[in-house]
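# Structural characterization, general
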Amino acid sequence: MSDFDGLSDALEARRAQHLYRRRRVLESAQGPKVRVDGRDYLAFCSNDYLGLAAHPALKQAFVEAAERYGVGSGASHLVNGHSRLHHELEEALAEFTGRPRALLFSTGYMANLGAVNALIGRGDGVFEDRLNHASLLDAGLLSGARFQRYLHNDPESLQKRLAGSQAARKLVVTDGVFSMDGDLAPLPALARVTRETGGWLMVDDAHGLGCLGERGAGCVEHFNLDTDAVPVLVGTLGKAFGTGGAFVAGSEALIESLIQFARPYIYTTAMPPAVAGATLASLKLVREGQDRRQQLSALIARFRTGTEQLGFELMASATPIQPILVGEASRALALAEALEEQGIFVGAIRPPTVPAGSARLRVTLSAAHSERDVDRLLAALEQARGRR
Ligand SMILES: *Cc1c(COP(=O)(O)O)cnc(C)c1O
């Protein structure tokens, strides 16, 4: 078969740049101890921050829901795939986040595409933090609105761009907790600047939900921000919630607009009802998860102290995302390999996921890790240090 205009060359070039990605095959449930490609590892790379992905209560709720509702939802929400479990979960998530309503999406990527594109189009403006998650950047680019990036976590840089904009609608979009850095967006200041110019703030709290706030309701609880301050709140369920899917929470008008106009909501099959059932069980554990969040804080402190003593460069993060900054992609890979030889699984994150020259080991901690697990990671890092 002939080559499709340089496909193989592009693959070869990616390999030469140490940017080639390959998939590993997981042969166990998600958790601190995993089996990957036939070998056991202690893992520090999942987003299962509260250790709920394989929790017995979630599994039981999932099985019970499957017994009653079957497996596939069989249709989109607007035809007849919107089950009682989906509906109950939406009501529970609205109450949990302190918003009038919430709407389920099948994935976080689709929630972001759907929300941005239902709200803005040609003639409007979208303003994004330059380190936003790829799904938010893609959503903004697809919208046809004028796309502007502002400096990372810099309300002044945002303010300048908003003040210079003639756009009809202005949508400001940010991660709540930055997925590859672990730092929090300065949401009160961003909300103020956005409101002063008549714009709307959209926050994607994929990594704060479950981890931040007394009840785990994420960055809006942490900063105490109501629907006026953050009109569009996105949460994902595949991370701390341990299930899958996502939701958008906000006003009655927002949610009705998404139901009418968000194409990734309308033209897709509803998530399996059992996923909604399991998420209802997960929500209960998240709400009552103070012990898990305390355990996480203790592990984060232990990891940071230990890693800094070893002379590694950490990022300014107080969340379970604790990247070790390495620099070159090849060095990040070598370090990840050195850890792997010692039975520790950590992901090397390289461009284009992060800016060139800022490749890193994205260490993530889970409430299911023990202090001994963190100590094993620290010992392995010490061993691997020579290969940086
Ligand atoms: C993971 C992630 C998403 C995508 O969510 P999925 O449900 O995995 O599609 C969106 N935004 C951020 C910030 C994320 O980290």
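None of these values were measured; they are calculated from a predicted model.

So, on to the pattern of salt bridges. Per the stated rule, a full pass over the model turns up 15 salt bridges. The salt bridge partner of E256 is R101, with a shortest N-O separation of 2.6 Å. Taken together, the positions of E256 in helix α9 (residues 252-261) and R101 in strand β3 (residues 101-105) put the pair 155 residues apart, joining distant regions of the chain. Taking relative accessible area as the criterion, R101 reaches 22% and is therefore assigned partly exposed. The salt bridge partner of E371 is R302, with a shortest N-O separation of 3.4 Å. Remark: R302 occurs in helix α12 (residues 290-309) and E371 occurs in helix α14 (residues 371-384); sequence separation between them is 69 residues. Judged by its relative accessible area of 31%, R302 falls in the partly exposed class. A single network of salt bridges, built from pairs that share partners, joins R24, D37 and E340.

We now examine the pairing of strand β2 (residues 39-43). Two elements, strand β1 (residues 33-36) and β2, share four bridges in a ladder whose sense is antiparallel. Bridge pairing in β2 places R35 opposite D40. Relative to strand β12 (residues 344-345), β2 runs parallel, the two being bridged by two bridges. Following the sheet pairing, L42 is matched in β12 by I344.

Near the ligand you find 13 residues, and of these G108, Y109, D204, H207 and K239 are the closest. One of the backbone N or O atoms of Y109 is found 3.0 Å from an oxygen atom in the ligand. A distance of 3.4 Å separates a nitrogen atom of the ligand from a polar side-chain atom of H133. Considering the ligand on its own, with 380 Å² of exposed area, one finds that the protein chains cover 81% of that surface. A total of three residues in the shell around the ligand trace back to one element, the largest contributor, which is helix α4 (residues 108-119).

Another aspect to go through is the packing of helix α6 (residues 155-163) against helix α7 (residues 187-196). Orientation of α6 relative to α7, taken along the N-to-C sense of each, is 15°, at an axis distance of 10 Å. Classified by the angle between their axes, α6 and α7 sit roughly parallel to one another. α7 is crossed by α6, and the crossing has right-handed handedness. Of the residues in α7, those touching α6 at P155, L158, Q159 and L162 are A189, L190, V193 and T194. Taken together, the residues of the contact of α6 with α7 sort by class into six nonpolar, two polar and no charged.

This paragraph deals with α6. The complete set of buried residues in α6 reads P155, S157, L158 and L162. For α6, the angular spread of the buried residues around the axis is 160°, confining them to a single face. Turned more than 90 degrees from where α6 packs its buried face, E156, K160 and A163 sit exposed. For α6, the elements touching its buried residues are β4 (125-129), β5 (146-150), β6 (170-175) and α7. At the N-terminal end of α6, a side-chain oxygen is found 3.0 Å from the backbone nitrogen of E156, two or three residues along, and the residue is D154.

Further remarks concern the sheet that holds β2. The strands making up a sheet associate through hydrogen bonds between their backbones, and the pairing can be parallel or antiparallel. With respect to topology, three strands assemble into an open sheet ordered β1-β2-β12, the strand pairing being mixed. Only two strands of the sheet have a single partner each, and these edge strands are β1 and β12.

Further remarks concern the layout of surface pockets. The calculated volume of the largest pocket comes to roughly 1,300 Å³. Looking at the lining of the largest pocket, the elements with two or more residues in it are β1, α13 (329-341) and β13 (347-349). A per-element tally of the lining of the largest pocket places α13 first, with four residues. Per-class residue counts for the lining of the largest pocket are 15 nonpolar, 12 polar and 11 charged. The two domains that each donate at least three residues to the lining of the largest pocket are domain 1 (20-50 + 290-387) and domain 2 (56-287). Its boundaries defined by the atoms lining it, the second largest pocket holds a volume of some 300 Å³. In terms of lining residues, the second largest pocket is bounded by 16 residues, among which L131, N132, P352, T353 and V354 are the most central. Taken together, the residues that form the lining of the second largest pocket break down as eight nonpolar, four polar and four charged. Per-domain counts for the lining of the second largest pocket show at least three residues from each of domain 1 (20-50 + 290-387) and domain 2 (56-287).

Rules used throughout
- Residues numbered from 1 in each chain as written.
- Predicted model: local features only at pLDDT ≥ 70, side-chain atom pairs only at ≥ 80, totals over all residues.
- Heavy atoms only, no water.
- Salt bridge = Lys/Arg side-chain N within 4 Å of Asp/Glu carboxyl O.
- Helix = DSSP H or I, 4+ residues; strand = E, 2+ residues; numbered from the N terminus.
- Buried < 20%, exposed > 50% of the residue type's maximum accessible area, 1.4 Å probe, protein only.
- Pairing = 2+ DSSP bridges.
- Near = heavy atom within 4 Å.
- Polar contact = N/O pair within 3.5 Å; in protein donor to acceptor, adjacent residues only side chain to side chain.
- Areas by Shrake-Rupley, 256 points an atom, 1.4 Å probe, with all protein chains shown as cover.
- Axes fitted to C-alpha atoms, helices over the stretch in contact; angles between N-to-C directions.
- Parallel < 35°, antiparallel > 145°, perpendicular 65-115°, else oblique.
- Left-handed = near helix turned anticlockwise from the far one by under 90°.
- Contact = heavy atoms within 4.5 Å.
- Nonpolar A, V, L, I, M, F, W, Y, C, P; charged D, E, K, R; others polar.
- Arc of directions from axis to C-beta.
- 1 Å grid on protein atoms, 1.4 Å probe; cavity = no way out; pocket = protein on both sides within 12 Å on 5 of 7 lines; lining within 4 Å.
- Points joined across faces, edges and corners; volume = space filled by probe spheres on them.
- Domains from an automatic or database assignment.

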